[in-house]
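# A look at the structure
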Amino acid sequence: MARRFIREEGTDELTLGRLAERAGVTKPLVYDHFGDRAGILAELYREFEARQRETLDVALREAAPSLPAVAGIVAGAYIDCCLVEGRELADVVAALAGSATLSQVRQEAEAAYLARCRTALEPFCGPIDAAGLHALIGAGDALARNALAGRISPERARGVLTRVITALAVDGEPGTTETRP
């Protein structure tokens, strides 16, 4: 219900009281479950990240055993998940910007996602440093935002992110892998 509310009215209009009304439940129920507005937004972000990891896991089961194939799957899963979430995810992240809640939730979610990426990529390229993995997130977010805005096609976003991931995988700096996400 919160996702639909944000899609239809935006995050600025989201309050626990309005969500309770829209969902046909009492305000205390919503307050007890989420605590506050940041709690709702953090839960929406956690759901997105869980779907993103599941999409990646499913796609990797079908991957050909090569760096180009796995990099393409990682890129495609990242971009496609962001596109499926649409503007709602960007609005949730923007609404939580600067909040300790989002910072912690995002850090945990990124660490879990990047661990999957590392596990998938390292058999083909050896150790990948933490900075390279974090660059994957930055590039993926930027490309997904541009694809959502229609400035580039989803295919172009997937292709560019595939090249970024491949470059990061083959350009790891030895001795910098101790700071694993």
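This text gives an overview of the structure that appears in the document. Remember, predicted model here, so these are calculated numbers, not experimental data.

## Digging into the side chain of Glu85
- Assignment of secondary structure puts Glu85 in helix α5 (residues 67–85).
- Judged by its relative accessible area of 5%, Glu85 falls in the buried class.
- At a separation of 2.4 Å, a polar atom in the side chain of Glu85 contacts the side chain of Arg3.
- The contacts of Glu85, once residues within four sequence positions are left out, are Arg3, Phe48 and Arg51.

## Observations concerning helix α1 (residues 2–9)
- Buried residues of α1: Ala2, Phe5 and Ile6, and no others. When α1 is viewed along its axis, its buried side chains cluster within an angular range of 95° and face the same direction.
- Those residues of α1 that are buried lie in contact with α2 (16–23), α4 (37–61) and α6 (87–96).
- Just downstream of α1, Gly10 is the residue with a positive phi angle, here 90°.

What counts, and at which threshold
Residues numbered from 1 in each chain as written. Predicted model: local features only at pLDDT ≥ 70, side-chain atom pairs only at ≥ 80, totals over all residues. Heavy atoms only, no water. Helix = DSSP H or I, 4+ residues; strand = E, 2+ residues; numbered from the N terminus. Buried < 20%, exposed > 50% of the residue type's maximum accessible area, 1.4 Å probe, protein only. Polar contact = N/O pair within 3.5 Å; in protein donor to acceptor, adjacent residues only side chain to side chain. Contact = heavy atoms within 4.5 Å. Arc of directions from axis to C-beta.

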